[in-house]
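Examining the three-dimensional arrangement
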Amino acid sequence: MKKIKNCFTLILIFICINSFSQLKSKTIYFEIYYEKDYPIAGANIVEREAKKINETTTDFDGKAQLIVTNFNSEFELSFTGPHVRFKIPEKTEKIIINIDKRRIEYYHNDKIFKRKRVKLKGF
């Protein structure tokens, strides 16, 4: 009987580990600027379609990080002024948003792999 309990416990542990390992999550680093050398502090970055609240706020250097699990979600950057909505490609490691140039840059291995113009809403 004790062997059956131990075996059942071991199987249960493997099932739990396997289910957690299938959840893809990745930390994305952000830099938010109004214009070059003018970071935006206190900007909010929110995953709009998350079941749980998933958001972060930029520090005084305009930098933030967010753990992303659903790359199909739409994200929104908001601060005093306009709002910017964007999606995050899966291979993204860092995102730089420049409000003045209306540009978002996606980085992988410290190189830009995608650059896009963004529409500002509420401006």
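To keep things clear, this report deals only with the structure shown in the data block.

**Quick word on the sheet that holds strand 3 (residues 44-47)**
Across the sheet, which stays open at both edges, the five strands sit in the order 4-3-6-7-11 with antiparallel pairing between neighbours. Bordering the open sheet on either side are strand 4 (55-57) and strand 11 (120-121), each of which pairs with just one other strand. Inspection of the sheet shows strand 6 (residues 75-78) paired to strand 7 (residues 83-86) by four bridges, in the antiparallel sense. Paired with Phe-75 across the bridge in strand 7 is Phe-86.

**A look at the layout of surface pockets**
Estimates place the volume of the second largest pocket at around 160 Å³. Taken together, Tyr-33, Glu-35, Lys-36, Asp-37, Ile-96, Asn-98, Lys-101, Arg-103 and Glu-105 make up the lining of the second largest pocket. Looking at the lining of the second largest pocket residue by residue, the classes come out as two nonpolar, one polar and six charged.

**Some points on the pairing of strand 3**
Side chains Ile-45 and Glu-47 of strand 3 all project onto a buried face; the interleaved residues Asn-44 and Val-46 project onto a face where none is buried. Sheet topology places strand 3 next to strand 6; four bridges connect them, and they run antiparallel. Bridging across to strand 6, Val-46 finds its partner in Glu-76.

**Quick word on the packing of aromatic side chains**
Where two aromatic rings form a pair, the distance of their centres and the angle of their planes describe that pair. Following the criterion strictly, the structure yields four aromatic pairs and no others. Taking the centre distance of 6.1 Å and the plane angle of 20° together, the rings of Phe-75 and Phe-86 count as stacked. Of this pair, Phe-75 sits in strand 6 while Phe-86 is found in strand 7, placing the two residues 11 residues apart along the sequence. Seen in terms of ring centroids, Tyr-106 and Phe-113 are 6.3 Å apart; in terms of plane orientation they differ by 45°. Their pairing is tilted. The buried category is assigned to Tyr-106, whose relative accessible area is 2%. For Phe-113, a relative accessible area of 29% gives the class partly exposed. Linked through ring pairs, Phe-30, Phe-75 and Phe-86 together constitute an aromatic cluster. A cation over a ring is seen here: Lys-91 above Phe-113, with NZ or CZ 4.7 Å from the ring centre. Looking at Lys-94, its charged tip hangs above the ring of Tyr-107, at a distance of 5.1 Å from the centre.

About the criteria used
Residues numbered from 1 in each chain as written. Predicted model: local features only at pLDDT ≥ 70, side-chain atom pairs only at ≥ 80, totals over all residues. Heavy atoms only, no water. Pairing = 2+ DSSP bridges. Helix = DSSP H or I, 4+ residues; strand = E, 2+ residues; numbered from the N terminus. 1 Å grid on protein atoms, 1.4 Å probe; cavity = no way out; pocket = protein on both sides within 12 Å on 5 of 7 lines; lining within 4 Å. Points joined across faces, edges and corners; volume = space filled by probe spheres on them. Nonpolar A, V, L, I, M, F, W, Y, C, P; charged D, E, K, R; others polar. Buried < 20%, exposed > 50% of the residue type's maximum accessible area, 1.4 Å probe, protein only. Phe/Tyr/Trp six-rings, centres within 6.5 Å; stacked < 30°, edge-to-face > 60°. Lys NZ or Arg CZ within 6 Å of the ring centre and 35° of its normal.

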